[in-house]
Amino acid sequence: MQLQTEYILWVHVSEFLTVGLCSIKRKKGNYLLETLRSIFEQSTREELNKMVVVVHLADPDQEWNAQVVVNIAKRFAHQILLGRLLVIHAPHEYYPSLEGLKQNFNDAKDRVKFRSKQNVDYAYLMNFAANLSTYYLMIEDDVHCAKSFFSAIRRVLESQKGSYWVTLEFSKLGYIGKLYHSSDLPQLSRFLLLFYQEMPCDWLLGHFRLLLTQREVIRFKPSLFQHIGLYSSFQGSANKLKDEDFEEDPAALPDNPPADMVTDIASFENYSPNKAYSNTEEYFWGKAPSARNSFTIVFKQPAHISRIQIQTGSEKHHEDYLQAGLVELGTQKKSDGKGCNMYNSIGLFEKGNFNRQGLENTTASAPECVRIVVTRDQSEWLIIRSISIWTKPSP
């Protein structure tokens, strides 16, 4: 594939993250400049040094494209000169036919043409971005970004070290906040081109994830991107969707340093222990625990913990909470890596929940384990909905 890239001054190769988005002329409203402003204003200088933004102007109207380039250049000249903002355009003649397309799902011809072209727009964008960084984040051209979304994503990636994933999701809406390994982009680009007329892009991306054997959606809260558009890019119809999980300042997102989970509580089906530690919507579900059963987080490296929050039970299964238990910090990790030799109690669960701050000086050395201990038999099963751990930098 080749791209017309006369709008690029030079390419800044980011070592970490590329943010990609496509934009076309809308019948009502235009949010591209506001989206770009949000990306840059919500990021620190250090974050921007490890990030590059690529905009694919994908409208066939060349006059519109040229005017948008002028507007971008006026508003974001500094970012362009630093190579942090790239604008590309794939010429119309590079596109496959958009006539006589399959009308799957009883969609009208104009909708099929719109979503088929959108798949090709994304394919060219991803192909261009494949070698710019380690990770690639897709957003839409009508979003507002959370403060320091870059650092929040980086913390999540640290917590995912050693685990397999194809797509991580930081918003539940559309094609917003979807993170990929850049090494997967050539395959994903070809996949979108191969099936461009079959179905909408978000459906195709779900199939791509499954084909690469990530069975479950991995979505993190709080959401880092909010939809701000009032009108759809398709025919200008009203579209006021909002992500209620969005938070402007995601500083509350825990660090959850890399760790292994060890428990003697029998798991139910695939509700495995690691799901309690993942900051996703999944959770651990264990069969009725007995006194002295435990659930231990064993860190890969000692962690300077400042806060721990643990939530048990759920709205659907509100009886499956920890009725009596305590939390301990452990040091002197065992040689087999399945726990620690020394533990220090830091508090009790209250109504199935635990939340403690100011833990920096609780142990003589940085903790290597956090252990949840059941202190009374219970007949109900146990859901550990989330385990959140915040850390401080090493002194």
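Residues numbered from 1 in each chain as written. Predicted model: local features only at pLDDT ≥ 70, side-chain atom pairs only at ≥ 80, totals over all residues. Heavy atoms only, no water.

Participant: With reference to specific residues and values, describe the overall build of the protein chain.
Facilitator: Looking only at helices and strands, one finds eight helices and 17 strands in the protein chain. Its C-alpha atoms put the protein chain at 70 × 50 × 35 Å along the principal axes. In the protein chain, which comprises 395 residues, the proportion classed as buried is 55%. In the protein chain, of all internal contacts separated by at least 6 residues, the share reaching a separation of at least 24 is 77%. Looking at the protein chain as shown, the accessible area adds up to about 18500 Å², and 49% of this sits on carbon and sulfur atoms. Looking at charge distribution, the protein chain has the averaged site of its 44 positive side-chain charges lying 1 Å from that of its 45 negative ones. (Helix = DSSP H or I, 4+ residues; strand = E, 2+ residues; numbered from the N terminus. Buried < 20%, exposed > 50% of the residue type's maximum accessible area, 1.4 Å probe, protein only. Contact = heavy atoms within 4.5 Å. Areas by Shrake-Rupley, 256 points an atom, 1.4 Å probe, with all protein chains shown as cover. Lys, Arg positive; Asp, Glu negative; His and termini not counted. Charge placed at Lys NZ, Arg CZ, Asp CG, Glu CD.)

Participant: Pulling in residues and values, what's your account of the packing of aromatic side chains?
Facilitator: This model, assessed by the stated rule, comprises 19 aromatic pairs. Taken together, the ring pairs connect F268, Y271, Y283, W285 and W381 into an aromatic cluster. One residue, R307, lies across the ring of W390, its end atom 4.1 Å from the ring centre. Above the ring of Y343, the side-chain terminus of R371 is found at 3.7 Å from the ring centroid. (Phe/Tyr/Trp six-rings, centres within 6.5 Å; stacked < 30°, edge-to-face > 60°. Lys NZ or Arg CZ within 6 Å of the ring centre and 35° of its normal.)

Participant: Summarise the side chain of N119; cite the residues concerned and give the values.
Facilitator: By the element assignment, N119 lies in helix α5 (residues 109-129). On the basis of relative accessibility, which here comes to 0%, the residue N119 falls in the buried class. A distance of 3.0 Å separates a polar atom in the side chain of N119 from the backbone oxygen of M199. In contact with N119, not counting residues within four places along its chain, are L192, F195, Y196, M199, P200, C201 and L204. (Polar contact = N/O pair within 3.5 Å; in protein donor to acceptor, adjacent residues only side chain to side chain.)

Participant: Run through the sheet that holds strand β12 (residues 305-312), naming residues and quoting values.
Facilitator: The antiparallel open sheet is built from four strands, whose spatial order is β10-β17-β12-β15. Because the sheet does not close on itself, it has two edges, and the strands there are β10 (284-286) and β15 (353-357). In this sheet, adjacent strand axes meet at a mean angle of 20 degrees when their direction is disregarded. (Pairing = 2+ DSSP bridges. Axes fitted to C-alpha atoms, helices over the stretch in contact; angles between N-to-C directions.)

Participant: I'd like to hear about the environment of T134, residue by residue, with values.
Facilitator: Secondary-structure assignment places T134 in the loop between α5 and β4 (135-138). For the pair T134 and H181, spaced 47 residues apart in sequence, the C-alpha to C-alpha distance is 6.3 Å. A distance of 2.9 Å separates a polar side-chain atom of T134 from the backbone oxygen of E15.

Participant: If you had to explain the sheet that holds β4 to someone new, which residues and values would you point to?
Facilitator: Spatial strand order, β3-β2-β1-β4-β7-β6: six strands in an open sheet with mixed pairing. Every interior strand has two partners, whereas the edge strands, β3 (85-88) and β6 (167-169), have only one. Mean inter-strand twist for the sheet, computed between neighbouring axes without regard to direction, equals 25 degrees. As defined by bridge partners, strand β1 (residues 17-23) adjoins strand β2 (residues 51-57) across seven bridges and the pair is classed as parallel. Bridge pairing links L17 to M51 in β2.

Participant: Would you mind going over empty space enclosed by the protein in detail, with residue names and values included?
Facilitator: Over the atoms a probe the size of a water molecule is rolled, and this reveals where empty space is left. Scanning the entire structure with this criterion turns up one cavity of 30 Å³ or more. Forming the walls of the largest cavity are A58, D59, P60, Q62, H89, A90, P91, H92, Y95 and K117. Residue composition of the lining of the largest cavity, by class: five nonpolar, three polar and two charged. (1 Å grid on protein atoms, 1.4 Å probe; cavity = no way out; pocket = protein on both sides within 12 Å on 5 of 7 lines; lining within 4 Å. Points joined across faces, edges and corners; volume = space filled by probe spheres on them. Nonpolar A, V, L, I, M, F, W, Y, C, P; charged D, E, K, R; others polar.)

Participant: Which residues make up the state of the cysteines, and what values do they have?
Facilitator: The term disulfide refers to a covalent linkage connecting the sulfur atoms of a pair of cysteines. As enumerated under the stated definition, the model contains one disulfide in all. Between C340 and C369 runs a disulfide, and the two sulfur atoms are separated by 2.2 Å. An S-S torsion of about 85 degrees defines the bridge between C340 and C369 as right-handed. In this pair, C340 sits in strand β14 (residues 340-348) while C369 sits in strand β16 (residues 369-374), placing the two residues 29 residues apart along the sequence. No disulfide involves C145; its nearest neighbouring cysteine sulfur is the one of C22, lying 16 Å away. (Disulfide = S-S within 2.5 Å.)

Participant: I'd like a rundown of the pattern of salt bridges, residues and numbers included.
Facilitator: By the definition in use, this model includes 14 salt bridges. A salt bridge links D141 to R26, with the shortest nitrogen-to-oxygen separation between them at 2.6 Å. Note that D141 is positioned in the loop between β4 and β5 (143-145) and R26 in the loop between β1 and α1 (32-41), a separation of 115 residues in sequence. When its relative accessible area of 6% is taken as the criterion, D141 is described as buried. Note that K300 is salt-bridged to D260, the shortest N-O span being 3.0 Å. Linking K300 in the loop between β11 (294-299) and β12 with D260 in strand β9 (residues 259-263), this pair joins segments that are 40 residues apart in sequence. (Salt bridge = Lys/Arg side-chain N within 4 Å of Asp/Glu carboxyl O.)

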